[in-house]
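Residues per chain, in single letters:
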Amino acid sequence: MAKETPIKARTVDFSFYYGSKQALYNISIPMHQHRVTAFIGPSGCGKSTFLRSINRMNDLIDGTRHTGLMEVDGTDVYSPEVDVTTLRRRVGMVFQKSTPFPKSIYENITYGLSLTQNKPKSELDGIVESCLRRAALWDEVKDRLHHSALGLSGGQQQRLCIARAVSINPEILLMDEPCSALDPISTGKVEELITELKDAYTIVLVTHNMQQAARVSDYTGFFLMGRLIEFDRTRTIFTSPAQKETEDYITGRFG
Ligand SMILES: Nc1ncnc2c1ncn2[C@@H]1O[C@H](COP(=O)(O)OP(=O)(O)OP(=O)(O)O)[C@@H](O)[C@H]1O
Ligand SMILES: [Mg+2]
């Protein structure tokens, strides 16, 4: 059994509301450093809401509010002294539908960098290569770095978005169903990548694919209608869940 690493982020009694609609109820979860924490559960149960609360992406939606604590490195991310731009640099995100900028492959990676750091041009080539290598994309695109990113396949675009997220060196990487639009081969590549990236980052992954959660994650949380039904080591969740609802869901008897 993998050894316990320090807690990088956690929530305590975290609730979240869209206007009068409560989407999360008293969620308490630890997210361990250099581990993959996966969230599973049926559509609408609050997985994305939870993920977007970690880097305050929900702030962009009018009328939202929360109660309880959301901590990264022991600091409440909602406390007034937290700078949201810095937070989002430390907590990167990859979305379900990949969204490369309508720019070249090269610029997709350097764009984020030029906003956040003043790298000399000479260094950029090396950074672009290393990010693309880490995203297992280099060999496929090295001869067309200055072509539009929109000319890549869906799976390549998703890996480019991962390369872009990695380029600013986040500490935590949030991934919301990163493989939902991918074929099995691309999915396999992204899963390998997740496993490699966890040595450097803390990864929080939302997935509808239970085999994927079982394959790549160390911890799994099962959400149902805004509540966290069960959270444990992935092996425990998939072999001997404590709650009947969890068992029903992972064995496909749900609903
Ligand atoms: N911008 C929004 N405004 C109002 N309600 C929202 C908003 N986004 C999500 N919700 C509601 O919050 C609840 C949780 O949604 P969320 O997107 O977090 O679920 P999810 O588990 O990610 O679902 P899926 O698996 O379909 O992506 C749902 O009832 C949803 O309708
Ligand atoms: Mg979602």
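Please refer to the structure placed before this passage.
Residues numbered from 1 in each chain as written. Chains lettered and ligands numbered in written order. Predicted model: local features only at pLDDT ≥ 70, side-chain atom pairs only at ≥ 80, totals over all residues.

J.: For this particular structure, what's the right way to read the overall build of the protein?
T.: What the protein contains, in helices and strands, is 10 helices and 10 strands. Over its C-alpha trace the protein gives a radius of gyration of 18 Å, about what one expects of a compact globule, namely 18 Å for 255 residues. Viewed in the frame of its principal axes, the protein has a C-alpha envelope of about 55 × 40 × 35 Å. Per-residue burial over the protein gives 41% buried out of 255 residues. In the protein, of all internal contacts separated by at least 6 residues, the share reaching a separation of at least 24 is 68%. (Helix = DSSP H or I, 4+ residues; strand = E, 2+ residues; numbered from the N terminus. Rg over C-alpha atoms; globule rule 2.2 N^0.38 Å. Buried ≥ 20, exposed ≤ 12 C-beta atoms within 10 Å, placed from the backbone. Contact = placed C-beta atoms within 7 Å.)

J.: Help me understand the site of ligand 1 in this model?
T.: Y18, K21, A23, G41, S43, G44, C45, G46, K47, S48, T49 and I61 make up every residue found near ligand 1. Tallying contributions element by element places helix 1 (residues 47-54) first for the shell around ligand 1, with three residues. Looking at the shell around ligand 1 residue by residue, the classes come out as four nonpolar, six polar and two charged. (Near = placed C-beta within 6 Å. Nonpolar A, V, L, I, M, F, W, Y, C, P; charged D, E, K, R; others polar.)

J.: Even after reading the chapter, I still don't get helix 1, so can you show me in this structure?
T.: One full turn of an α-helix is made of 3.6 residues, so residues set three or four places apart face in the same direction. In terms of burial, helix 1 is largely enclosed, as eight of its eight residues are buried. Those residues of helix 1 that fall on the buried side of the exposure criterion are K47, S48, T49, F50, L51, R52, S53 and I54. Looking one or two residues beyond helix 1, the residue adopting positive phi is R56, at roughly 65°.

J.: Help me understand the packing of helix 4 (residues 121-134) against helix 6 (residues 154-167), please; the structure alone is not making it clear to me.
T.: Working note: a packed helix pair is described by the angle between its axes plus the distance between those axes. Running from N to C, helix 4 and helix 6 point in directions that differ by 125°, and their axes come no closer than 8 Å. The angle between helix 4 and helix 6 falls in the class oblique. Here helix 4 runs over helix 6; the crossing is right-handed. Of helix 6, the residues touching helix 4 (which contributes I127, C131, L132 and R134) are A163, V166 and S167. Looking at side-chain class alone, the contact of helix 4 with helix 6 contains five nonpolar, one polar and one charged residues. (Axes fitted to C-alpha atoms, helices over the stretch in contact; angles between N-to-C directions. Parallel < 35°, antiparallel > 145°, perpendicular 65-115°, else oblique. Left-handed = near helix turned anticlockwise from the far one by under 90°.)

J.: Explain the nonpolar core to me, please; I cannot follow it from the model alone.
T.: Inside soluble globular proteins, nonpolar side chains tend to come together where they are buried. One finds A135, A163, L173 and I203 to be the most contacted residues of the largest nonpolar core, which totals 60 residues. With six residues, helix 6 is the largest single contributor of residues to this core. The contact partners of A135, leaving out residues within four places of it in the chain, are R159, L160, I162, A163, V166 and L193. (Core = buried A, V, L, I, M, F, W, Y, C linked by C-beta atoms within 7 Å.)

J.: Would you take a moment to explain the environment of G63 for this structure?
T.: Along the polypeptide, G63 turns up in the loop between helix 1 and strand 4 (64-72). A count of 9 C-beta atoms within 10 Å places G63 in the exposed class. Linking G63 and T202, residues 139 residues apart in sequence, is a C-alpha distance of 30 Å.

J.: I'm lost on helix 7 (residues 184-197) in this one. Help?
T.: If you check helix 7, its first and last C-alpha atoms are 20 Å apart, about what 14 residues at 1.5 Å a residue would give, namely 20 Å. For helix 7, every residue scored as buried is listed here: T187, K189, V190, E191, L193, I194 and L197. In this fold, the buried residues of helix 7 make contact with strand 3 (36-40), helix 6, strand 7 (172-176), strand 8 (202-206) and helix 8 (210-216). (Expected span 1.5 Å × (residues − 1).)

J.: What's the story with unusual backbone geometry in this structure? I'm lost.
T.: Leave glycine aside and you will find that most residues have negative phi; peptide bonds, for their part, are mostly trans. A positive phi is found at H34, a non-glycine position, where the angle reads about 55°. Tracing the backbone through its elements, the reader meets H34 in the loop between strand 2 (21-32) and strand 3. Take H34: there are 16 C-beta atoms within 10 Å of it, and that puts it in the partly exposed class.

J.: Mind showing me how you'd approach the pairing of strand 2 here?
T.: One face of the sheet, then the other: side chains in a regular strand alternate in exactly this way. Judged from the eight bridges that link them, strand 1 (residues 7-18) and strand 2 form a sheet pairing that is antiparallel. Pairing of R10 across the sheet is with P30, part of strand 2. (Pairing = 2+ DSSP bridges.)

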